[in-house]
Amino acid sequence: MIHETIRLNDFYPSLVGEATLTSYCLSNNNETGLNIKRQSVLIMPGGGYVFVSSREGEPIALRFASYNLNAFVLDYPVGNLQGGAPLTHAIAALLYLSKNAERYNIDLDNVFVLGFSAGGHLAGITALYYRDPAYLKMLGVEKMPLTLKGVLFGYPVITMGEKTHKDTMENITHLQPDLREKFSIEKQITPSYPPVFVWSTRPDSIVPIDNTEFLAKACQKNGVPCEKHIFPKGEHGEALADDVSYPSARDDAYRKEIAENAHWSQYAIAFIKSLK
């Protein structure tokens, strides 16, 4: 396995705030083949743009890597950062992957982004703006060498409007009306948006289920393929929804109650492989 952590700032000095990218990539070998190019997923954990959740990083990456997918976890800057700084870091991560495709055995025609909660919001706006000339210019390039194949969301924040998650909205927009409009994903989706996979739990008391519905309706309106899974039980922040990544504070009764939710990763992997 190619498992390493690189500091994106070393490759893109204009970045504001610190960010790292950690790889979980199977190595090619004589037995399975030396020239395999794999579908790849850039994972963006949640945390309300206040922190970056460990549970939504490495455990997710290892699960996806076990299905012969390259996985990369982005640890992006949070807090009082102006101008949507995490978005610039996400775009820098995609540029880094495109420039190092041979090293990591990446199929550049099959790159996805996946995010949870506020990380879902980051994945969603990345899919909107990763080819935007203004962001690319900030990073010293003129063109994004890859095209995203799909976007995957787990219990995401989508809107910056009434049904948003307050911390997420305030930390990425600083209450600026133009950024609230720009970063309301449901208002910006067009027919060119990549295919979408989304899962959430209906009782989510942190991020209203309306966010998932807004996303699905925007996709339907614009003819964007969207696979939606809303589980009837469970709370916010379930990650893999099993013992690998769920908070230890949850008791066994609760874990049994939400056991069905753990199937989301199988559905997501099937979604990715269906687009190859």
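Predicted, not measured: the structure shown is a model, and the values here were computed from it.

Conventions used here
- All residue numbers here refer to positions counted from 1 along the written sequence of the relevant chain.
- Given that the model is predicted, a residue must reach a pLDDT of at least 70 before its local features are reported, and side-chain atom pairs must reach 80 or more before they are shown or counted; all residues, however, enter totals for whole chains, interfaces and linings.
- Computation of side-chain values: all heavy atoms of the structure, hydrogens and water removed.
- In this description, strands pair whenever DSSP reports at least two bridges between them.
- Counting from the N terminus, the helices are the DSSP runs of H or I reaching at least four residues and the strands are the DSSP runs of E reaching at least two.
- Axes here mean lines fitted to C-alpha atoms, for a helix over just the part in contact, with angles spanning 0 to 180 degrees between N-to-C directions.
- It only takes one pair of heavy atoms within 4.5 Å for two residues to be counted as in contact.
- Here a salt bridge means any side-chain nitrogen of Lys or Arg lying within 4 Å of a carboxyl oxygen belonging to Asp or Glu.
- Accessible area is worked out with a 1.4 Å probe on protein chains only. A residue is then buried under 20% of its type maximum, exposed over 50%, and partly exposed in between.
- Only Phe, Tyr and Trp rings are paired, with Trp represented by its six-membered ring, and only when their centres lie within 6.5 Å; those with planes under 30 degrees apart are stacked, over 60 edge-to-face, the remainder tilted.
- Two limits define a charge over a ring: the Lys NZ or Arg CZ must be within 6 Å of the ring centre, and within 35 degrees of the ring normal.

(A) Quick peek at the sheet that holds strand E3 (residues 38-44). Read from one edge to the other, the open sheet built from 8 strands follows the order E1-E2-E4-E3-E5-E6-E7-E8, with strand pairing classed as mixed. Where the open sheet ends on each side, the last strands, each with one partner, are strand E1 (5-7) and strand E8 (226-231). Here the strands of the sheet are splayed against their neighbours by 15° on average, with no regard to which way each runs. In terms of strand pairing, E3 meets strand E5 (residues 106-116) through 6 bridges, oriented parallel. Note on E5: the bridge partner recorded for Leu42 is Val113. Of the strands in this sheet, strand E2 (20-24), E3, strand E4 (70-75) and E5 touch helix H1 (residues 58-65), which is tilted by about 35° from E2. Docked against the sheet, helix H2 (residues 85-99) engages E1, E2, E3, E4, E5 and strand E6 (148-154), running at close to 155° with respect to E5.

(B) Local environment of the pattern of salt bridges. Within the structure shown, the criterion is met by 7 salt bridges. The salt bridge partner of Glu170 is Lys166, with a shortest N-O separation of 2.9 Å. Of this pair, Glu170 and Lys166 both sit in helix H6 (residues 166-173), 4 residues apart, which is roughly one turn of the helix. Two residues, Glu213 and Lys228, come together in a salt bridge whose shortest N-O distance is 3.0 Å. Placement of the pair is Glu213 in helix H9 (residues 210-222) and Lys228 in strand E8, with a sequence separation of 15 residues. Overall, the relative accessible area of 37% leaves Lys228 in the partly exposed class. Each of Arg7, Asp10 and Glu18 takes part in salt bridges that share partners, so that together they form one network.

(C) Highlighting the packing of aromatic side chains. Using the criterion set out here, one finds 13 aromatic pairs in the structure. Taken together, a centroid distance of 6.3 Å and an interplanar angle of 40° make the contact between Phe64 and Trp264 tilted. Residue Phe64 is located in helix H1, and its partner Trp264 is located in helix H11 (residues 264-274); the two are separated by 200 residues in the primary sequence. Trp264 matches Phe64 in its accessibility class, with the two residues each being buried. One aromatic cluster in this structure is built from Phe64, Phe116, Tyr155, Trp199, Phe231 and Trp264. Directly above the aromatic system of Tyr104 lies the positively charged group of Arg103, at a separation of 5.5 Å from the ring centroid. The ring of Tyr129 has Lys182 lying over it, and the distance from NZ or CZ to the ring centre is 5.1 Å.

(D) Just the environment of Leu8, in detail. With respect to the element layout, Leu8 can be found in the loop between E1 and E2. Along the sequence, Leu8 and Ser66 sit 58 residues apart, while their C-alpha atoms lie 25 Å from each other. Not counting the four nearest positions on each side in its chain, Leu8 is found in contact with Leu15, Ala19, Thr20, Leu21, Leu74, His89, Ala92, Ala93 and Tyr96.

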